[in-house]
Amino acid sequence: MLLSSSLLVAARSPRIRQLVTTFPATRKLVDRFVAGEATADALTTTRSLVDDGLTVTLDHLGEDTTDVAAAAATRDAYRTLLATLADAGLAARAEVSLKLSALGQALPVDGQRIALEHAVAICQAAAAVGTTVTVDMEDHTTVDATLATVSQLRAEFPWVGAVLQSCLKRTLGDCADLAGAGSRVRLVKGAYAEPASVAYQDKHAVDQAYVHCMHTLFAGSGYPMIATHDPRMLAIAGTLASTYDRPSDSFEYQMLYGIRVAEQRALADAGNRIRVYVPYGADWYGYFMRRLAERPANLGFFLRSLVSR
Ligand code: FAD
(Lines give C-alpha, C1' and ligand atoms only; values in the text may rest on other atoms or scores of the structure.)
Protein backbone atom coordinates (compact mmCIF):
# COMPACT_ATOMS: atom_id res chain seq x y z
CA MET A 1 0.00 0.00 0.00
CA LEU A 2 2.82 2.37 1.00
CA LEU A 3 4.79 1.33 -2.08
CA SER A 4 1.76 1.91 -4.31
CA SER A 5 1.10 5.38 -2.94
CA SER A 6 4.81 6.30 -3.25
CA LEU A 7 4.71 5.25 -6.91
CA LEU A 8 1.58 7.32 -7.48
CA VAL A 9 3.29 10.36 -5.94
CA ALA A 10 6.33 9.64 -8.14
CA ALA A 11 3.99 9.57 -11.15
CA ARG A 12 3.65 13.35 -10.73
CA SER A 13 7.28 14.15 -9.88
CA PRO A 14 9.26 15.83 -12.68
CA ARG A 15 12.59 14.73 -11.09
CA ILE A 16 11.69 11.05 -10.93
CA ARG A 17 10.14 11.32 -14.37
CA GLN A 18 13.49 12.50 -15.74
CA LEU A 19 15.27 9.59 -14.03
CA VAL A 20 12.86 6.86 -15.16
CA THR A 21 12.32 8.04 -18.72
CA THR A 22 16.00 8.41 -19.55
CA PHE A 23 16.94 4.98 -18.21
CA PRO A 24 17.48 2.68 -21.22
CA ALA A 25 16.18 -0.47 -19.47
CA THR A 26 12.79 1.17 -18.82
CA ARG A 27 11.75 0.67 -22.44
CA LYS A 28 11.38 -3.09 -22.18
CA LEU A 29 8.73 -2.91 -19.49
CA VAL A 30 7.00 0.11 -21.04
CA ASP A 31 6.55 -1.95 -24.21
CA ARG A 32 4.51 -4.45 -22.22
CA PHE A 33 1.88 -1.80 -21.44
CA VAL A 34 2.16 0.69 -24.33
CA ALA A 35 1.60 -0.10 -28.02
CA GLY A 36 4.37 2.22 -29.28
CA GLU A 37 4.88 5.90 -29.93
CA ALA A 38 3.47 6.42 -33.45
CA THR A 39 -0.05 6.26 -34.90
CA ALA A 40 1.24 3.42 -37.12
CA ASP A 41 2.10 1.40 -33.96
CA ALA A 42 -1.39 1.97 -32.58
CA LEU A 43 -2.83 0.80 -35.89
CA THR A 44 -0.74 -2.41 -35.99
CA THR A 45 -1.78 -3.34 -32.45
CA THR A 46 -5.43 -2.52 -33.15
CA ARG A 47 -5.48 -4.69 -36.25
CA SER A 48 -3.99 -7.64 -34.42
CA LEU A 49 -6.49 -7.38 -31.52
CA VAL A 50 -9.42 -6.96 -33.92
CA ASP A 51 -8.24 -10.00 -35.90
CA ASP A 52 -8.43 -11.92 -32.61
CA GLY A 53 -12.11 -10.99 -32.13
CA LEU A 54 -11.56 -8.15 -29.64
CA THR A 55 -12.57 -4.50 -29.84
CA VAL A 56 -10.32 -1.61 -28.87
CA THR A 57 -10.31 1.82 -27.26
CA LEU A 58 -7.22 3.89 -28.08
CA ASP A 59 -5.64 6.42 -25.73
CA HIS A 60 -3.20 8.97 -27.13
CA LEU A 61 -0.99 9.25 -24.04
CA GLY A 62 -0.68 12.58 -22.27
CA GLU A 63 -2.16 14.35 -19.25
CA ASP A 64 -1.92 17.46 -17.09
CA THR A 65 -1.20 19.72 -20.07
CA THR A 66 -0.26 23.26 -19.05
CA ASP A 67 0.28 24.55 -22.55
CA VAL A 68 -2.41 25.73 -25.01
CA ALA A 69 -0.48 24.50 -28.05
CA ALA A 70 0.01 21.02 -26.53
CA ALA A 71 -3.73 20.75 -25.87
CA ALA A 72 -4.49 21.58 -29.51
CA ALA A 73 -1.82 19.11 -30.66
CA THR A 74 -3.54 16.35 -28.65
CA ARG A 75 -6.86 17.15 -30.34
CA ASP A 76 -5.15 16.95 -33.73
CA ALA A 77 -3.47 13.65 -32.85
CA TYR A 78 -6.91 12.16 -32.13
CA ARG A 79 -8.29 13.50 -35.40
CA THR A 80 -5.39 11.94 -37.32
CA LEU A 81 -5.87 8.67 -35.42
CA LEU A 82 -9.60 8.53 -36.22
CA ALA A 83 -8.99 9.21 -39.93
CA THR A 84 -6.30 6.51 -39.96
CA LEU A 85 -8.62 3.98 -38.31
CA ALA A 86 -11.32 4.76 -40.88
CA ASP A 87 -8.90 4.42 -43.82
CA ALA A 88 -7.83 1.03 -42.45
CA GLY A 89 -11.46 -0.12 -42.12
CA LEU A 90 -11.11 -0.43 -38.33
CA ALA A 91 -13.37 2.37 -37.06
CA ALA A 92 -16.31 0.05 -36.38
CA ARG A 93 -14.18 -2.00 -33.96
CA ALA A 94 -12.06 0.75 -32.37
CA GLU A 95 -13.12 3.84 -30.43
CA VAL A 96 -10.98 6.41 -28.58
CA SER A 97 -10.49 7.27 -24.90
CA LEU A 98 -9.41 10.78 -23.98
CA LYS A 99 -8.26 12.64 -20.89
CA LEU A 100 -9.64 16.14 -20.48
CA SER A 101 -6.42 17.23 -18.73
CA ALA A 102 -4.55 16.42 -21.95
CA LEU A 103 -6.98 18.67 -23.82
CA GLY A 104 -6.40 21.66 -21.56
CA GLN A 105 -8.75 21.20 -18.59
CA ALA A 106 -5.99 22.31 -16.18
CA LEU A 107 -4.98 25.43 -18.12
CA PRO A 108 -5.11 28.45 -15.82
CA VAL A 109 -7.28 30.49 -18.16
CA ASP A 110 -10.43 29.00 -19.73
CA GLY A 111 -9.20 25.42 -19.27
CA GLN A 112 -12.65 23.89 -18.94
CA ARG A 113 -13.94 25.65 -22.07
CA ILE A 114 -10.86 24.78 -24.14
CA ALA A 115 -11.00 21.10 -23.13
CA LEU A 116 -14.71 20.98 -24.01
CA GLU A 117 -14.11 22.54 -27.44
CA HIS A 118 -11.33 20.06 -28.21
CA ALA A 119 -13.46 17.15 -26.98
CA VAL A 120 -16.32 18.32 -29.23
CA ALA A 121 -13.93 18.37 -32.21
CA ILE A 122 -12.83 14.81 -31.42
CA CYS A 123 -16.45 13.65 -31.03
CA GLN A 124 -17.29 15.20 -34.41
CA ALA A 125 -14.37 13.32 -35.98
CA ALA A 126 -15.48 10.08 -34.28
CA ALA A 127 -19.08 10.56 -35.46
CA ALA A 128 -17.87 11.17 -39.02
CA VAL A 129 -16.19 7.75 -39.12
CA GLY A 130 -18.91 5.91 -37.16
CA THR A 131 -17.23 5.29 -33.84
CA THR A 132 -17.47 6.48 -30.23
CA VAL A 133 -15.48 8.31 -27.52
CA THR A 134 -15.05 7.60 -23.81
CA VAL A 135 -13.86 10.33 -21.44
CA ASP A 136 -11.37 8.87 -18.93
CA MET A 137 -11.69 9.87 -15.27
CA GLU A 138 -8.70 11.43 -13.51
CA ASP A 139 -8.16 12.32 -9.86
CA HIS A 140 -11.06 13.27 -7.58
CA THR A 141 -10.50 17.03 -7.91
CA THR A 142 -11.60 16.77 -11.55
CA VAL A 143 -14.67 14.53 -11.21
CA ASP A 144 -17.36 17.24 -11.08
CA ALA A 145 -15.84 19.14 -14.00
CA THR A 146 -15.39 15.97 -16.04
CA LEU A 147 -18.95 14.74 -15.47
CA ALA A 148 -20.25 18.21 -16.40
CA THR A 149 -18.28 18.04 -19.66
CA VAL A 150 -19.54 14.52 -20.38
CA SER A 151 -23.09 15.76 -19.87
CA GLN A 152 -22.49 18.68 -22.28
CA LEU A 153 -20.97 16.33 -24.86
CA ARG A 154 -23.86 13.88 -24.53
CA ALA A 155 -26.36 16.59 -25.50
CA GLU A 156 -24.92 16.38 -29.02
CA PHE A 157 -23.25 12.94 -28.93
CA PRO A 158 -25.38 10.67 -26.67
CA TRP A 159 -22.95 7.78 -27.11
CA VAL A 160 -20.09 9.47 -25.22
CA GLY A 161 -18.88 7.14 -22.47
CA ALA A 162 -18.25 8.21 -18.86
CA VAL A 163 -15.89 6.59 -16.36
CA LEU A 164 -16.71 6.10 -12.67
CA GLN A 165 -14.25 4.95 -9.98
CA SER A 166 -15.51 2.68 -7.19
CA CYS A 167 -12.79 3.90 -4.79
CA LEU A 168 -14.62 7.24 -4.47
CA LYS A 169 -17.36 7.40 -1.83
CA ARG A 170 -19.58 9.47 -4.12
CA THR A 171 -19.57 6.96 -6.97
CA LEU A 172 -22.59 4.80 -6.09
CA GLY A 173 -24.70 7.96 -6.42
CA ASP A 174 -23.04 8.81 -9.74
CA CYS A 175 -23.79 5.26 -10.97
CA ALA A 176 -27.47 5.76 -10.17
CA ASP A 177 -27.44 9.11 -12.01
CA LEU A 178 -25.76 7.61 -15.08
CA ALA A 179 -27.58 4.26 -15.33
CA GLY A 180 -30.28 5.52 -17.72
CA ALA A 181 -31.08 4.34 -21.24
CA GLY A 182 -28.17 4.43 -23.68
CA SER A 183 -25.67 5.62 -21.07
CA ARG A 184 -22.24 4.05 -21.62
CA VAL A 185 -20.44 3.85 -18.28
CA ARG A 186 -17.00 2.33 -17.73
CA LEU A 187 -16.68 1.18 -14.12
CA VAL A 188 -13.12 1.04 -12.73
CA LYS A 189 -11.66 0.77 -9.23
CA GLY A 190 -9.61 3.98 -9.67
CA ALA A 191 -5.92 4.49 -10.39
CA TYR A 192 -5.07 7.65 -8.40
CA ALA A 193 -3.83 8.25 -4.84
CA GLU A 194 -6.88 9.75 -3.14
CA PRO A 195 -7.37 11.09 0.40
CA ALA A 196 -9.49 9.28 3.00
CA SER A 197 -11.92 12.21 3.05
CA VAL A 198 -13.24 11.20 -0.38
CA ALA A 199 -12.02 7.66 -1.05
CA TYR A 200 -11.96 4.21 0.56
CA GLN A 201 -8.41 3.36 1.60
CA ASP A 202 -9.00 -0.33 2.09
CA LYS A 203 -8.93 -2.64 -0.98
CA HIS A 204 -11.80 -4.69 0.41
CA ALA A 205 -14.02 -1.59 0.64
CA VAL A 206 -13.11 -0.57 -2.92
CA ASP A 207 -14.04 -4.07 -4.15
CA GLN A 208 -17.29 -4.05 -2.20
CA ALA A 209 -18.19 -0.67 -3.68
CA TYR A 210 -17.33 -2.04 -7.15
CA VAL A 211 -19.90 -4.82 -6.64
CA HIS A 212 -22.57 -2.36 -5.46
CA CYS A 213 -21.89 -0.15 -8.48
CA MET A 214 -22.16 -3.13 -10.84
CA HIS A 215 -25.57 -3.97 -9.32
CA THR A 216 -26.78 -0.43 -10.01
CA LEU A 217 -25.45 -0.36 -13.58
CA PHE A 218 -26.74 -3.82 -14.54
CA ALA A 219 -30.14 -3.09 -12.97
CA GLY A 220 -30.36 0.12 -15.00
CA SER A 221 -30.97 0.49 -18.72
CA GLY A 222 -27.57 1.78 -19.79
CA TYR A 223 -24.56 0.01 -21.23
CA PRO A 224 -22.14 -1.06 -18.45
CA MET A 225 -18.46 -1.37 -19.39
CA ILE A 226 -16.91 -3.56 -16.70
CA ALA A 227 -13.24 -2.53 -16.70
CA THR A 228 -11.27 -4.77 -14.38
CA HIS A 229 -8.76 -7.63 -14.41
CA ASP A 230 -9.98 -8.93 -11.07
CA PRO A 231 -11.24 -12.54 -11.49
CA ARG A 232 -13.70 -12.11 -8.60
CA MET A 233 -15.26 -8.97 -10.08
CA LEU A 234 -15.44 -10.64 -13.51
CA ALA A 235 -17.23 -13.67 -12.05
CA ILE A 236 -19.72 -11.46 -10.18
CA ALA A 237 -20.33 -9.42 -13.35
CA GLY A 238 -21.22 -12.65 -15.19
CA THR A 239 -23.68 -13.60 -12.44
CA LEU A 240 -25.26 -10.13 -12.39
CA ALA A 241 -25.66 -10.17 -16.17
CA SER A 242 -27.76 -13.37 -15.80
CA THR A 243 -29.64 -12.04 -12.78
CA TYR A 244 -30.68 -8.92 -14.68
CA ASP A 245 -31.33 -10.83 -17.95
CA ARG A 246 -28.67 -8.89 -19.81
CA PRO A 247 -27.97 -10.26 -23.30
CA SER A 248 -24.24 -10.36 -24.12
CA ASP A 249 -24.54 -7.36 -26.45
CA SER A 250 -25.96 -5.10 -23.71
CA PHE A 251 -22.68 -4.71 -21.80
CA GLU A 252 -18.97 -5.29 -22.30
CA TYR A 253 -15.80 -6.16 -20.42
CA GLN A 254 -12.70 -4.00 -20.74
CA MET A 255 -9.07 -4.65 -19.87
CA LEU A 256 -5.77 -2.86 -20.37
CA TYR A 257 -3.36 -3.74 -23.15
CA GLY A 258 -0.78 -6.27 -21.93
CA ILE A 259 -2.62 -7.31 -18.76
CA ARG A 260 -4.25 -10.76 -18.44
CA VAL A 261 -4.12 -11.29 -22.17
CA ALA A 262 -5.23 -14.95 -22.00
CA GLU A 263 -8.31 -13.91 -19.99
CA GLN A 264 -9.15 -11.28 -22.63
CA ARG A 265 -9.21 -13.95 -25.31
CA ALA A 266 -11.07 -16.45 -23.12
CA LEU A 267 -13.85 -13.91 -22.52
CA ALA A 268 -14.12 -13.23 -26.25
CA ASP A 269 -14.12 -16.96 -27.07
CA ALA A 270 -16.97 -17.44 -24.58
CA GLY A 271 -19.11 -15.02 -26.63
CA ASN A 272 -18.62 -11.87 -24.55
CA ARG A 273 -17.88 -8.41 -25.83
CA ILE A 274 -14.41 -7.42 -24.71
CA ARG A 275 -12.59 -4.17 -25.42
CA VAL A 276 -8.87 -3.63 -24.88
CA TYR A 277 -7.63 -0.19 -23.80
CA VAL A 278 -4.57 0.50 -25.95
CA PRO A 279 -2.36 3.45 -24.97
CA TYR A 280 0.21 4.79 -27.42
CA GLY A 281 2.39 7.88 -27.75
CA ALA A 282 5.57 9.37 -26.36
CA ASP A 283 4.14 10.71 -23.10
CA TRP A 284 3.83 7.32 -21.36
CA TYR A 285 5.35 8.18 -17.96
CA GLY A 286 2.23 8.80 -15.82
CA TYR A 287 0.37 5.82 -17.33
CA PHE A 288 3.38 3.55 -16.81
CA MET A 289 3.84 4.56 -13.16
CA ARG A 290 0.16 3.87 -12.40
CA ARG A 291 0.57 0.35 -13.83
CA LEU A 292 3.62 -0.21 -11.60
CA ALA A 293 1.66 1.04 -8.59
CA GLU A 294 -1.19 -1.41 -9.23
CA ARG A 295 1.04 -4.43 -9.01
CA PRO A 296 4.26 -4.51 -6.96
CA ALA A 297 5.39 -7.56 -8.99
CA ASN A 298 5.70 -5.22 -12.00
CA LEU A 299 8.08 -3.05 -10.01
CA GLY A 300 10.16 -6.11 -9.07
CA PHE A 301 10.39 -7.06 -12.74
CA PHE A 302 11.39 -3.49 -13.58
CA LEU A 303 14.08 -3.32 -10.87
CA ARG A 304 15.51 -6.71 -11.86
CA SER A 305 15.79 -5.53 -15.46
CA LEU A 306 17.77 -2.49 -14.23
CA VAL A 307 20.13 -4.63 -12.14
CA SER A 308 20.70 -7.25 -14.83
CA ARG A 309 21.93 -4.75 -17.41
P1 FAD B 1 -6.90 -5.05 -8.99
O2 FAD B 1 -7.46 -5.57 -7.72
O3 FAD B 1 -5.96 -3.90 -8.94
O4 FAD B 1 -6.17 -6.20 -9.79
C5 FAD B 1 -6.75 -7.48 -9.97
C6 FAD B 1 -5.74 -8.38 -10.67
O7 FAD B 1 -5.50 -7.91 -11.99
C8 FAD B 1 -4.35 -8.37 -10.04
O9 FAD B 1 -4.27 -9.31 -9.00
C10 FAD B 1 -3.48 -8.74 -11.22
O11 FAD B 1 -3.53 -10.12 -11.50
C12 FAD B 1 -4.14 -8.01 -12.35
N13 FAD B 1 -3.58 -6.65 -12.52
C14 FAD B 1 -4.16 -5.48 -12.17
N15 FAD B 1 -3.38 -4.43 -12.50
C16 FAD B 1 -2.27 -4.96 -13.05
C17 FAD B 1 -1.08 -4.41 -13.59
N18 FAD B 1 -0.89 -3.08 -13.63
N19 FAD B 1 -0.14 -5.25 -14.08
C20 FAD B 1 -0.32 -6.57 -14.07
N21 FAD B 1 -1.43 -7.17 -13.57
C22 FAD B 1 -2.39 -6.38 -13.07
N23 FAD B 1 -8.61 4.23 -13.78
C24 FAD B 1 -8.98 5.52 -13.62
O25 FAD B 1 -8.80 6.07 -12.53
N26 FAD B 1 -9.55 6.22 -14.66
C27 FAD B 1 -9.80 5.64 -15.87
O28 FAD B 1 -10.33 6.30 -16.76
C29 FAD B 1 -9.44 4.28 -16.05
N30 FAD B 1 -9.67 3.64 -17.22
C31 FAD B 1 -9.43 2.29 -17.30
C32 FAD B 1 -9.80 1.58 -18.45
C33 FAD B 1 -9.70 0.21 -18.49
C34 FAD B 1 -10.14 -0.53 -19.71
C35 FAD B 1 -9.19 -0.50 -17.36
C36 FAD B 1 -9.11 -1.99 -17.35
C37 FAD B 1 -8.77 0.19 -16.25
C38 FAD B 1 -8.86 1.57 -16.20
N39 FAD B 1 -8.46 2.28 -15.09
C40 FAD B 1 -8.81 3.60 -14.96
C41 FAD B 1 -7.58 1.64 -14.07
C42 FAD B 1 -8.37 1.08 -12.91
O43 FAD B 1 -8.87 2.13 -12.12
C44 FAD B 1 -7.47 0.18 -12.02
O45 FAD B 1 -6.42 0.94 -11.51
C46 FAD B 1 -6.89 -1.02 -12.73
O47 FAD B 1 -7.79 -1.58 -13.62
C48 FAD B 1 -6.50 -2.11 -11.71
O49 FAD B 1 -7.62 -2.54 -11.00
P50 FAD B 1 -8.36 -3.95 -11.24
O51 FAD B 1 -9.81 -3.68 -11.33
O52 FAD B 1 -7.79 -4.65 -12.40
O53 FAD B 1 -8.16 -4.73 -9.89
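Sequence order as written defines the numbering, with residues in each chain counted from 1. With pLDDT at 70 or above as the cut-off, local features in this predicted model cover only qualifying residues; side-chain atom pairs require 80 or more to be listed or tallied, and sums for whole chains, interfaces and linings still use all residues. For the side-chain quantities, the full set of heavy atoms in the structure was used; hydrogens and water were omitted.

Engineer: Just checking my understanding: could you explain the site of the ligand for this structure?
Structural biologist: Taken together, 25 residues lie around the ligand, and Gly190, Lys203, Thr228, His229 and Glu294 are the ones closest in. The definition of a polar contact used here is a pair of N or O atoms within 3.5 Å, where within protein one atom must be able to donate a hydrogen and the other to accept one, and adjacent residues in sequence count solely through side-chain atom pairs. Within the backbone of Met137, an N or O atom sits 2.8 Å from a nitrogen atom of the ligand. Ala191 places a main-chain nitrogen or oxygen 3.0 Å from an oxygen atom of the ligand. For the purposes of this entry, the term helix denotes a DSSP run of H or I that reaches at least four residues, the term strand denotes a run of E that reaches at least two, and both are numbered from the N terminus. If you list the elements that add at least two residues to the shell around the ligand, you get β4 (162-165), β5 (184-188), β7 (252-256) and α12 (285-294). Whether a residue is near a molecule or strand depends on its heavy atoms: if one lies within 4 Å, it is near.

Engineer: What am I meant to see in the UniProt feature "binding site: FAD" (unreviewed entry) in the protein chain here?
Structural biologist: UniProt positions are given in the numbering used here, feature names are shortened, and annotations may be inferred rather than shown by experiment. The UniProt feature table records "binding site: FAD" (unreviewed entry) at Met137, Gln165, Lys189, Gly190, Ala191, Lys203, Thr228 and His229. Its location among the elements puts Met137 in the loop between β3 (133-135) and α7 (143-156). Relative accessible area decides the class of each residue, using a 1.4 Å probe on protein chains only: under 20% of the type maximum gives buried, over 50% gives exposed, and in between gives partly exposed. Take Met137: its relative accessible area is 7%, and that puts it in the buried class. Every residue pair with non-hydrogen atoms within 4.5 Å of one another is taken to be in contact. If sequence neighbours within four positions are ignored, Met137 has contacts with Val143, Thr146, Leu147, Val163, Gln165 and Tyr192. What His229 contacts, discounting residues up to four positions off in sequence, is Leu234, Met255, Leu256, Ile259 and Arg260. Polar contacts involving the side chain of His229 include one to the main-chain amide nitrogen of Leu256, which spans 3.1 Å.

Engineer: Sorry if this is basic, but what is going on with the pattern of salt bridges here?
Structural biologist: When the charged atoms of two side chains with opposite charge come close together, those side chains can pair. Here a salt bridge means any side-chain nitrogen of Lys or Arg lying within 4 Å of a carboxyl oxygen belonging to Asp or Glu. Considering all chains together, one arrives at 19 salt bridges under this definition. The shortest N-O distance in the salt bridge between Glu63 and Arg290 comes to 2.9 Å. Pair noted here: Glu63 is in the loop between β1 (55-60) and α5 (68-87) and Arg290 is in helix α12, with a separation of 227 residues, a long-range link. For the pair Glu63 and Arg290, one class covers both residues: buried. Note that Asp144 is salt-bridged to Arg170, the shortest N-O span being 2.9 Å.

Engineer: I would appreciate a short explanation of the packing of helix α9 (residues 203-219) against helix α10 (residues 231-243) in the present structure.
Structural biologist: In a packed pair of helices, the relevant descriptors are the angle between the two axes and the axis-to-axis distance. Close contact between α9 and α10 brings their axes to 10 Å; oriented N to C, the two are set at 25 degrees. Looking at the two axes, α9 sits roughly parallel to α10. As α9 packs across α10, the resulting crossing turns out to be right-handed. Contact with α9, carried on its side by Asp207, Tyr210, Val211, Met214, His215 and Phe218, involves Arg232, Met233, Ile236, Ala237, Leu240 and Ala241 of α10 and no other residues of that element. Residue type decides the class: Asp, Glu, Lys and Arg count as charged, Ala, Val, Leu, Ile, Met, Phe, Trp, Tyr, Cys and Pro as nonpolar, and the leftover types, Gly among them, as polar. In the contact of α9 with α10, the residues fall into nine nonpolar, one polar and two charged. To obtain each axis, a line is fitted to C-alpha atoms, and for helices this fit is confined to the stretch in contact; angles are then taken between N-to-C directions over 0 to 180 degrees. Should an angle lie under 35 degrees it is considered roughly parallel, over 145 roughly antiparallel, and from 65 to 115 roughly perpendicular; all remaining angles are considered oblique. Each crossing gets its handedness from the near helix: less than a right angle anticlockwise from the far helix is left-handed, clockwise is right-handed.

Engineer: Can you help me understand the packing of aromatic side chains in this one?
Structural biologist: In this description, an aromatic ring pair is defined by two values, namely the gap between the centres and the angle between the planes. Any Phe, Tyr or Trp ring, taking Trp's six-membered ring, that has another such ring centre within 6.5 Å forms a pair; planes under 30 degrees apart are called stacked, those over 60 apart edge-to-face, and the others tilted. Applying the stated rule across the entire model yields five aromatic pairs. The interplanar angle of 50 degrees and the centroid separation of 5.4 Å between the aromatic rings of Phe157 and Trp159 together place this pair among those described as tilted. Ring plane angle 75 degrees and centroid distance 5.2 Å describe the contact between Phe218 and Phe251, whose orientation is recorded as edge-to-face. Placement of the pair is Phe218 in helix α9 and Phe251 in the loop between α10 and β7, with a sequence separation of 33 residues. Taking the relative accessible area as the measure of exposure, Phe218 reaches 1% and is therefore buried. Here, over-ring charges are defined by two tests on the NZ atom of lysine or the CZ atom of arginine: distance to the ring centre within 6 Å, and angle to the ring normal within 35 degrees. Above the face of the Tyr287 ring, Arg291 is positioned so that its terminal group lies 4.4 Å from the ring centre.

Engineer: Explanation requested: the state of the cysteines in the structure shown.
Structural biologist: By definition, a disulfide links the sulfur atoms of two cysteines through a covalent bond. Only a pair of cysteine sulfur atoms within 2.5 Å qualifies as a disulfide here. Applying the stated rule across the entire model yields zero disulfides. Between Cys175, a free cysteine, and Cys213, which holds the nearest cysteine sulfur, the sulfur-to-sulfur gap is 3.5 Å. Here Cys175 falls in the buried class, since its relative accessible area comes to 0%.

Engineer: What is the right way to read α7 from this model?
Structural biologist: Along an α-helix, residues three or four apart share an orientation, since each turn contains 3.6 residues. One less than the residue count of a helix, multiplied by 1.5 Å, gives the span that helix is expected to have. Across its 14 residues, α7 extends 21 Å between first and last C-alpha, which sits within 8% of the 20 Å expected from 1.5 Å per residue. Three or more residues of α7 are buried, namely Val143, Thr146, Leu147, Thr149, Val150, Leu153 and Arg154. Projected down its long axis, α7 shows its buried positions confined to an angular sector of 160 degrees, all on one face. Seen from the open side of α7, the exposed residues pointing more than 90 degrees away from its buried face are Asp144, Ala155 and Glu156. On its buried face, α7 sits against α6 (111-129), β3, β4, α8 (171-177) and β5. The directions considered for the arc run from the helix axis to the C-beta atoms.

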